[in-house]
Amino acid sequence: MLFVNVLFPVFSIIGAGFLYYRLRRPDLTPLAGITLNVFIPCVIFSSLMQHPVSWGAIVSIMGALFLLTPVLALAAELAGRLLGFDRQTRWAVGLSAAHGNTGNFGIPLILFALGDEASSTAVVILIGATILLSTLAVFQASAGRGSVARSLLNTLRQPMLYAVALALAFNAGGWTIPEFVFKPIDFLGQAAFPCMLFILGLQLGQTRLGQLEIKPLTAAATLRLAAAPALAFAVGALVGLEGLPLKVLILQTATPPAVIPMLFALQHDLKPHFVASSILVSTLLSLPTLTVLLYLLI
């Protein structure tokens, strides 16, 4: 029943987006912009207002994520050396393995699997993942030639960060929002979940499989879908996470690769066809791996 209740809704919306792109070839930019700048900040604010996260939990969650992601990148480098991959392939595998799709895929997955109470923790992980995508992922894609400072500046321009800051300020001050103001914010936020999944389907619909490199694809998928959640359990326990926050961390890190690194790979010519193939293949493989993980966690 976990597959029917949790994974089927997620993959059916992704599939709808995939089919819609293949049939209509729409421009993703308007919907992606509205979702990123309106719907996601609204759901972040409403989630944190309804389910506040303590500063201690935020520090622990961020600490776990900031430790886990570089460890995955390093594991990809070591695995690539052992398997004889060339330098570009090692960096491309690391880019795919280190950064999970905590937004489009992860937050709706958490909502279906663990309920509204877990959404605020998932939001904190999304913020941390966004910072890492705009710094570490750029560094990986450019093989050390990217401007981390510029990437961090772009991160600071994201409305979701200010939605977090505003919600934390309201919670710290014990302030409340009038119901007639909060309701439309919450209602707009509810649009984020289906839109994120539909946009992921649209993005996957654009993906064209290049010549499949089986060994690198296997390495990236194994690190992303199997090693990442196992490491998340160890790192989460190390920083003191337990119960629901630990489950959220494990599930978020078990998601397939994020889509944004593919754009970085394209920009810096780091085997973009491989990175795109890795995203598509890992997303399909995540169906059985997440099914098993959900049975273990719930």
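Each remark here, short or long, concerns the structure printed above.
An account of the accompanying structure is given in this report. (Residues numbered from 1 in each chain as written. Predicted model: local features only at pLDDT ≥ 70, side-chain atom pairs only at ≥ 80, totals over all residues. Heavy atoms only, no water.)

With that settled, consider the overall build of the protein. Along its length, the protein carries 15 helices and 0 strands. Whereas a compact globule of 298 residues would reach a radius of gyration of roughly 19 Å, the protein reaches 18 Å, a difference of no more than 12%. The buried share of the protein, taken over its 298 residues, is 54%. Accessible surface for the protein amounts to roughly 13400 Å². Of this, 69% is attributable to carbon and sulfur atoms. Positive and negative side-chain charges of the protein, numbering 15 and 10 respectively, have mean locations separated by a distance of 11 Å. (Helix = DSSP H or I, 4+ residues; strand = E, 2+ residues; numbered from the N terminus. Rg over C-alpha atoms; globule rule 2.2 N^0.38 Å. Buried < 20%, exposed > 50% of the residue type's maximum accessible area, 1.4 Å probe, protein only. Areas by Shrake-Rupley, 256 points an atom, 1.4 Å probe, with all protein chains shown as cover. Lys, Arg positive; Asp, Glu negative; His and termini not counted. Charge placed at Lys NZ, Arg CZ, Asp CG, Glu CD.)

Here Ser282 shows up in helix H15 (residues 272–297). Given the relative accessible area of 1%, Ser282 is considered buried. Residues within four places of Ser282 in sequence aside, it is in contact with Ala221, Leu225, Pro256 and Pro257. (Contact = heavy atoms within 4.5 Å.)

A word on a nonpolar patch on the surface. Together, Phe3, Val4 and Phe8 line one region of the surface with nonpolar side chains, adding up to about 280 Å² of accessible area. By the element assignment, Phe3 lies in helix H1 (residues 2–24). Given a relative accessible area of 34%, Phe3 falls into the partly exposed group. (Patch = residues over 30% accessible without salt bridge, like charges linked within 9 Å, V, L, I, M, F, W, Y side chains within 5 Å. Salt bridge = Lys/Arg side-chain N within 4 Å of Asp/Glu carboxyl O.)

The full count for this structure, using the stated rule, is 3 salt bridges. Here Arg81 makes a salt bridge to Glu77, at a shortest N to O gap of 2.9 Å. Residue Arg81 and its partner Glu77 are both found in helix H3 (residues 55–83); the two are separated by 4 residues, about one turn of the helix. Residue Arg81 is classed as exposed on the basis of its relative accessible area of 54%. Close ionic contact of Glu77 with Arg90 constitutes a salt bridge, the shortest N to O distance being 2.9 Å. Residue Glu77 is located in helix H3, and its partner Arg90 is located in helix H4 (residues 87–98); the two are separated by 13 residues in the primary sequence. Neither Glu77 nor Arg90 differs from the other in exposure class; each is buried. Shared partners join several salt bridges into a network, and the residues in it are Glu77, Arg81 and Arg90.

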